[in-house]
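Structural overview for review
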Amino acid sequence: MEQTSMATIYERLSHLIQSKKLTPYRFSQELGFSKPAKLYSILKGKTQPSYDTLLSIASVYDDLDCNWLLRGTGNIFIQTLPTYPSEAINAETNGPLSGLELLQKQIQFLEKQVHDRDEVIALLKEQIVVLRDVIGSIKPTQTENSL
């Protein structure tokens, strides 16, 4: 898998669009934006992507590693899981497992997936806090300027 670290979320979004072989216009359509101007504003660095935008991206592109999108670490895409986890588990253990052992390995596998999803949710919650702080710092400045 491709491992890429990019400094800004704008660069990462642009890279994601290129990786998906899409135009920014088509990308904005897939996200359900009524107007592509919202995405162009984000890509140019004029505005931060909102929580809703990040959630839309994560929902539409379920192969995207949200940790990469938010922090710029890791792989851009989640490594695909084997079609038959039991066969992969058998291969890892150098032979077939009993029914109980196989179920225990599958449970471990699923628990790891749940843990990874929890980390993504935590990252999105952190992004919400940051965005709220940014919004909070902008509002008082705007009211001061209007006085």
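This write-up is about the structure you can find in this document.

Conventions adopted
- For every chain, the first residue of the written sequence is number 1, and numbering continues from 1 onward in sequence order.
- Residue-level local features of this predicted model are given only where pLDDT is at least 70; pairs of side-chain atoms are given and counted only at 80 or more, and the full residue set underlies all totals for whole chains, interfaces and linings.
- For the side-chain quantities, the full set of heavy atoms in the structure was used; hydrogens and water were omitted.
- For every residue, the accessible area obtained with a 1.4 Å probe (protein chains only) is divided by the maximum for its type, and the residue is called buried under 20%, exposed over 50%, and partly exposed between those limits.
- Working definition: helices are DSSP H or I runs of at least four residues, strands are E runs of at least two. Numbering for both runs from the N terminus.
- We call two residues in contact whenever any of their non-hydrogen atoms come within 4.5 Å of each other.
- When a carboxyl oxygen of Asp or Glu lies within 4 Å of a side-chain nitrogen of Lys or Arg, that pair is called a salt bridge.
- Patch membership requires more than 30% relative accessible area and the absence of a salt bridge. Residues of like charge join within 9 Å; the nonpolar side chains Val, Leu, Ile, Met, Phe, Trp and Tyr join within 5 Å.
- Under the convention used here, a 1.4 Å probe and the Shrake-Rupley method define accessible areas, while residue burial counts only the protein chains that appear.
- Our arc is simply the arc of the directions from the helix axis toward the C-beta atoms.
- Ring pairs shown here join Phe, Tyr and Trp side chains whose ring centres sit within 6.5 Å, with only the six-membered ring taken for Trp; geometry is labelled stacked below 30 degrees between planes, edge-to-face above 60, and tilted in between.
- Here, a charge over a ring means that NZ of Lys or CZ of Arg falls within 6 Å of the ring centre while also lying within 35 degrees of the ring normal.

1. Considering helix H1 (residues 9–19)
Those residues of H1 that sit buried are Ile9, Tyr10, Arg12, Leu13, His15, Leu16 and Ile17. Looking at the buried positions of H1, the neighbouring elements they touch are helix H2 (24–30), helix H3 (37–43), helix H4 (51–60) and helix H5 (66–71).

2. So, the pattern of salt bridges
Within the structure shown, the criterion is met by 4 salt bridges. Two residues, lysine 20 and aspartate 63, come together in a salt bridge whose shortest N-O distance is 2.8 Å. Of this pair, lysine 20 sits in the loop between H1 and H2 while aspartate 63 sits in the loop between H4 and H5, placing them 43 residues apart in sequence. Look at lysine 20 and you get partly exposed, because its relative accessible area is 24%. Residue classification places aspartate 63 among the partly exposed positions, given a relative accessible area of 29%. Arginine 71 is the salt-bridge partner of glutamate 126, the closest N and O atoms lying 3.3 Å from each other. You can see glutamate 126 sitting in helix H7 (residues 99–146) and its partner arginine 71 sitting in helix H5, a full 55 residues away along the chain. Owing to a relative accessible area of 43%, glutamate 126 belongs among the partly exposed residues under this scheme. A residue is classified by how much of its surface remains accessible, and arginine 71, at 47% relative accessible area, is partly exposed.

3. Digging into a nonpolar patch on the surface
A cluster of nonpolar side chains, namely Val130, Val134 and Ile138, defines an oily patch on the protein surface of about 220 Å² accessible area. With respect to the element layout, valine 130 can be found in helix H7. By relative accessible area, which is 45% here, valine 130 ends up partly exposed.

4. Let's talk about H4
For H4, the complete set of buried residues consists of Thr53, Leu54 and Ile57. End-on view of H4: buried residues confined to an arc of 100 degrees, all on one side of the axis. Across from the buried face of H4, at angles greater than 90 degrees, the exposed residues are Asp52 and Ser59.

5. As for the side chain of serine 41
Along the chain, serine 41 falls in helix H3. Excluding its chain neighbours within four sequence positions, the residues that come into contact with serine 41 are Lys46 and Thr47.

6. Things to note about the packing of aromatic side chains
Across all of its chains, the model carries 1 aromatic pair by this definition. On the basis of an interplanar angle of 5 degrees and a centroid distance of 5.5 Å, the ring pair of phenylalanine 27 and tyrosine 61 is categorised as stacked. You can see phenylalanine 27 sitting in helix H2 and its partner tyrosine 61 sitting in the loop between H4 and H5, a full 34 residues away along the chain. Phenylalanine 27 gets classed as buried once you look at its relative accessible area, which sits at 0%. By relative accessible area, tyrosine 61 is classed as buried at 5%. Directly above the ring of phenylalanine 33 sits lysine 38, whose terminal nitrogen or CZ lies 4.5 Å from the centroid.

On their own, these measurements won't tell you what the molecule is for.
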